[in-house]
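# Working through the structure, step by step
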Amino acid sequence: HDVYPRCQAISPQFDTSCVRCKLDNLRRCGRCNPLNDLFGDRVGEEWHAMRGLFVSHLLRGRIEMVVPSPSVATTLRQLEPRLNDVAIHVIPHGIDLDAPRLPIAPRTASERLRIVVLGRLSVKKGRNLLRAAAKKLRPLADITLVGCGEIGVKLAEEFGWNCIERYEQEALPDILRSLAPHAGLLPSIVPETFSYTLSELMGLGIPPVVTALGSFKDRVVDGESGFLFEPGKEALVDVVRRLHAQPELLERVARNLASAAPSRTTAEMVDDYRKLLPLASLPIARFRVGIGRQTGLTEPYRHLTEAYTQLTEAYARSQEAHERINAATKRWWILRVARRVIEFRENMRGERRNPFENGR
């Protein structure tokens, strides 16, 4: 996922985008990088050894790699020069967005912008960047967080923004149609390796305003298919202020997106994988495929699952029997001990009645 395992933080961002990561960099990243928060139980030496073995395995096995955007290949080779000897193919992800593009939302310079922020908000996805810029954005734009999750809801309440905590995927086009946004903001502070949310915005004809990092920079031509800004508060406010003052900039990008080719589909993506990994002919299955709960299991596997179910039930029955035996054994011992106690007491009473019996 992303730049794993080469990057312990998953996204190679430490103050700025990383272009090298030796062992000393990795140690410092583990100690000081707030974005390195996923694998805190692994020290730098362990991770450095693991990622080195990973690359050695690729080289030894002549294993080729696939990445979804050119920046990922560039970053991997910068961080690990040995990957220059590994074939890396770029196959962008596909998305099946079965919805027409939204109508262009015109506006005048006196109107406030309507901006949607699409997707869940974490620190990496720009939560703190949005918080830092919120005060200066207030007079320029009405902001709606869509699919922002619980953290995003709290942020919206803090700044008086509208929000939709979650939505069903098929409902997204209608939600965005009802909001009629002038732009979609993706404020990630780490380099995205692809971004489906960017595909959704562009596929629906909504001009994206995105940080100039990773695949955003690969996929967005500034002023033509969207707008790029450096991942900082002032840069974000500047680009929103410029778009607010010059409505024609957004309208131009919206028209370009409206006339662009349809979004790349998952079928097109799979075709590219098939060119790289051609499907071999396979023999017809010898056994009938199961149905219902065991759909997709051939006959032997269905027998195995049925036998496993029977064994599980038999084990449960044997456990119940064992518990019953234990309970009965406990009762037997209790009765036996009670009987001995009674006998002992009776013997003691008899001895007290005749203390000189038996020569005492």
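Summary of the structure given here. Within each chain, residue numbers correspond to sequence positions counted from 1 in written order. Where totals are concerned, whole chains, interfaces and linings use all residues; where local detail is concerned, this predicted model gives features only for residues with pLDDT of at least 70, and gives and counts side-chain atom pairs only at 80 or more. Water and hydrogen atoms play no part in the side-chain values, which are based on all heavy atoms of the structure.

Moving on, we come to the environment of Cys148. The residue Cys148 is located in the loop between β6 (141-146) and α5 (149-159) in this model. Assessed through its relative accessible area of 1%, Cys148 is described here as buried. As for Cys148 and Arg166, which are separated by 18 residues in sequence, their C-alpha atoms are 6.7 Å apart. Should any heavy atoms of two residues lie within 4.5 Å, those residues are considered in contact. Contact partners of Cys148, with chain neighbours within four places excluded, come to Gly119, Arg120, Leu121, Val153, Cys163, Ile164 and Glu165. The helix and strand labels rest on DSSP assignments: H or I over at least four residues marks a helix, E over at least two residues marks a strand, and numbering proceeds from the N terminus. Only protein chains enter the accessibility calculation, which uses a 1.4 Å probe; a residue is then buried when its area is under 20% of its type maximum, exposed when over 50%, and partly exposed in between.

Let us look at the nonpolar core. Here, nonpolar core means buried Ala, Val, Leu, Ile, Met, Phe, Trp, Tyr and Cys residues that are tied together by side-chain atoms lying within 4.5 Å of each other. Trp161 and Leu236 are the most contacted members of the largest nonpolar core, which has 50 residues in total. The residues contacting Trp161, other than those within four sequence positions of it, are Leu130, Ala134, Ile143, Leu145, Leu155 and Ala156. By size, the runner-up hydrophobic cluster in this structure holds 17 residues, among which are Leu26, Trp47, Met65 and Leu83.

This next bit is on the side chain of His182. With respect to the helices and strands, the residue His182 is situated in the loop between α6 (172-179) and β8 (183-186). Classification of His182 by relative accessible area gives buried; the value is 4%. When near neighbours in sequence (up to four residues on either side) are disregarded, His182 contacts Ala105, Pro106, Arg107, Arg112, Leu113, Arg114, Pro207 and Leu250.

Simply put, an axis is a line fit to the C-alpha atoms, just over the touching stretch for a helix, and the angle between two N-to-C directions goes from 0 to 180 degrees. In the contact formed by helix α9 (residues 233-245) and helix α10 (residues 247-258), the axes pass within 4 Å of each other and the chain directions differ by 90 degrees. One way to sum up the angle between α9 and α10 is to call them roughly perpendicular. Where α9 approaches α10, its residues Arg242, Leu243, His244 and Ala245 are matched on the opposing element by Pro247, Leu249 and Leu250. When the residues that make up the contact of α9 with α10 are grouped by side-chain class, the tally is 5 nonpolar, 1 polar and 1 charged. Comment on the angle field: the value is read as roughly parallel under 35 degrees, roughly antiparallel over 145, roughly perpendicular from 65 to 115, and oblique elsewhere. For this classification, the nonpolar set comprises Ala, Val, Leu, Ile, Met, Phe, Trp, Tyr, Cys and Pro, the charged set comprises Asp, Glu, Lys and Arg, and every other residue, Gly included, is treated as polar.

A large share of β6 lies buried, amounting to 5 of its 6 residues. Here is how to tell: hold the view so the strands point away, follow the path from the first strand over the helix to the second, and if it runs clockwise the crossover is right-handed. You can see the chain leave strand β5 (residues 113-118), run along helix α4 (residues 127-137) and come back into β6, and the turn it takes is right-handed. Note on pairing: DSSP must find at least two bridges between two strands before they are called paired. Pairing geometry for β6 and strand β7 (residues 162-164), over 3 bridges, is parallel. From the neighbouring strand, Val146 faces β7, where its bridge partner is Ile164. After leaving β6, the chain enters α5 and then returns to the sheet as β7, a path that is right-handed.

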